[in-house]
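Reading the structure
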Amino acid sequence: MAAMGFASVLIGAILFFSAELFTQWIYQNRLKEIQTEYSSIFSTLNFLQEEVINLDSQLGEIEERDKAVRSYADFPPIDQDVRELGIGGILIEKTPEIDNMLPKVKTRLTDLELDIDQISRRVRLELASYEDIYDKVKKDTEKLKHIPSIRPIIGGYLNSGFGWRPDPLDGKRRFHYGLDITVSSGALILSPADGVVQEARIRGGYGKYVKINHSYGYKTSFLHMSQLNVKKGQVVKRGDILGKSGSTGRTSGPHLHYEVQYYGTPLDPLDYFFTGNIK
C-alpha cells in the first residue's frame, strides 16, 4: 500500500511538473509570436512615420513657394502662428521591450494620427491659399485688359501736354486735361484697352468724339476726329480701330486730343503709354 501511495504521489508530481513545463513552453512560443507581431507593427509604424516626415519636408518647400507667390500677387503673408498650426511630429523609437508594449503601440498610433491630422490641416491651408492667389491673379489678369496701356494713335508728336497752358485759340491760361498729338487727318485711332463705347457722336467744341468706359474706374476720350468707326454700346478690344483723326470742333488744326480718367479724375495720359511715349 505504501508503495502504491508513493507511486501515485510520484506520478502526480510528474504530471504536475510536465503540465508546468508544457504551459511554460506554450507561453514562451506565444510570447515569441507576440514579439514578432509587435516588431512587425513597429516596423510598419516606423515606415509610416518616415513617410510623414517626408511629406512634412515637401510641404515645407511648398509653403516657401507659397510665400513667394503671395508676395508676387501682392497678397499679405500668412501669419506664422497660423502656418505653424499643426507643425510637429514625434519620432518613433526603436522596438521597445515586450513589457508594456501594447500601451506604447497605442501611443505611437495616436502620435501618428496627430501628425497626419496636422499635415492635413496644413495641406488644406495651402490649398485655400493657392485658391485665393489664383482668384486674385485671374482677377488682376482680367483687370489688365481694361487698363489703358497703348498709344491711341500711330505716329505723330506731342504738341501740348497735360497741365496748365495758354489756350492756342485765345491765349488764355487754362488747364489742359489731356494730350494733343499732332498728326495728319485720317490717321487711325486705336482703343487703348478693352471696354464699351459710352459715347460716339458730335459734341460742340469736341467735334466728332468717342468716349470709352473701360471698367475698373478707367475712361478715355478722343476728340476732333474726322470719322467714327464705332457706335454707342459697342464692345471694343485693345487695338480696335475707333475712327480717324481730324480737326472737327474747336481746334486750330488736325490733331488728336486724348484724355484718361480714373473714377472721374483726369490723369496724365503719358503715364499710360506702357509701350513707349510719343516724342
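For the structure, see preceding data.
If you're wondering where the values come from, they're calculated on a predicted model, not measured in any experiment.

**Section: the overall build of the protein chain**
Secondary structure assignment for the protein chain yields 3 helices and 12 strands. A separation of at least 24 residues holds for 68% of the contacts in the protein chain among residues at least 6 apart in sequence. In the form shown here, the protein chain has an accessible surface area of approximately 17,300 Å², with 58% of it arising from carbon and sulfur atoms.

**Overview of the nonpolar core**
In terms of nonpolar packing, the biggest core is built from 21 residues, with Ile153, Ile189, Val210, Phe222 and Leu242 touching the most fellow members. Of all the elements in the fold, those that place two or more residues in this core are strand E4 (179-182), strand E7 (208-215), strand E8 (218-228) and strand E11 (255-262). Once residues lying within four places of it in the same chain are set aside, the contact partners of phenylalanine 222 are Pro152, Ile189, Leu190, Pro192, Lys208, Tyr209, Val210, Ile212, Leu242, Leu256, His257 and Tyr258.

**Focus: the pattern of salt bridges**
Inspection of the entire model under this criterion finds 4 salt bridges. The shortest N-O distance in the salt bridge between glutamate 142 and lysine 145 comes to 3.7 Å. Taking relative accessible area as the criterion, glutamate 142 reaches 34% and is therefore assigned partly exposed.

**Brief notes about the packing of aromatic side chains**
On inspection of all chains with the given rule, the structure shows 9 aromatic pairs. Seen in terms of ring centroids, phenylalanine 162 and phenylalanine 175 are 5.2 Å apart; in terms of plane orientation they differ by 90 degrees. Their pairing is edge-to-face. Residue phenylalanine 162 is found in the loop between strand E1 (157-160) and strand E2 (163-166), and its partner phenylalanine 175 is found in strand E3 (residues 173-176); the two are separated by 13 residues along the sequence. Judged by its relative accessible area of 27%, phenylalanine 162 is partly exposed. By relative accessible area, which is 27% here, phenylalanine 175 ends up partly exposed. Here tyrosine 218 and tyrosine 272 contribute two aromatic rings whose centre-to-centre distance is 5.8 Å and whose plane-to-plane angle is 70 degrees, an arrangement assigned as edge-to-face. Taken together, the positions of tyrosine 218 in strand E8 and tyrosine 272 in the segment after strand E12 (265-267) put the pair 54 residues apart, joining distant regions of the chain. For the pair tyrosine 218 and tyrosine 272, a shared accessibility class is recorded, and that class is buried. Joined through ring pairs, the aromatic side chains of Phe162, Trp164, Phe175 and Tyr177 make up one cluster.

**Notes on the pairing of E7**
Across 6 bridges, the pairing between strand E6 (residues 195-202) and E7 is antiparallel. Residue pairing for E7: glutamate 199 is matched across the bridge by lysine 211. Linking two consecutive strands that pair antiparallel, namely E6 and E7, is a turn of 5 residues; a positive phi of about 45 degrees is found at glycine 204 within it. Judged from the 6 bridges that link them, E7 and E8 form a sheet pairing that is antiparallel. In the sheet register, serine 215 faces E8, and the bridge partner there is tyrosine 218.

**Concerning the environment of phenylalanine 273**
Note on placement: phenylalanine 273 falls in the segment after E12. Distance from phenylalanine 273 to serine 149, taken between C-alpha atoms, is 5.2 Å for residues 124 residues apart in sequence.

**So, the side chain of serine 149**
As for its placement among the helices and strands, serine 149 is situated in the loop between helix H3 (101-144) and E1. Its relative accessible area of 10% is what places serine 149 among the buried residues. Reaching out from serine 149, the side chain makes a polar contact with the side chain of arginine 238 at a distance of 3.0 Å.

**With respect to unusual backbone geometry**
Positive phi, normally seen in glycine, also occurs at serine 215, with a value near 70 degrees. Examined against the element boundaries, serine 215 turns out to sit in strand E7. Look at serine 215 and you get partly exposed, because its relative accessible area is 35%. A positive phi is found at histidine 224, a non-glycine position, where the angle reads about 65 degrees. With respect to the secondary-structure elements, histidine 224 resides in strand E8. Here histidine 224 falls in the buried class, since its relative accessible area comes to 5%.

Cut-offs and rules
Residues numbered from 1 in each chain as written. Predicted model: local features only at pLDDT ≥ 70, side-chain atom pairs only at ≥ 80, totals over all residues. Heavy atoms only, no water. Helix = DSSP H or I, 4+ residues; strand = E, 2+ residues; numbered from the N terminus. Contact = heavy atoms within 4.5 Å. Areas by Shrake-Rupley, 256 points an atom, 1.4 Å probe, with all protein chains shown as cover. Core = buried A, V, L, I, M, F, W, Y, C linked by side-chain atoms within 4.5 Å. Buried < 20%, exposed > 50% of the residue type's maximum accessible area, 1.4 Å probe, protein only. Salt bridge = Lys/Arg side-chain N within 4 Å of Asp/Glu carboxyl O. Phe/Tyr/Trp six-rings, centres within 6.5 Å; stacked < 30°, edge-to-face > 60°. Pairing = 2+ DSSP bridges. Polar contact = N/O pair within 3.5 Å; in protein donor to acceptor, adjacent residues only side chain to side chain.

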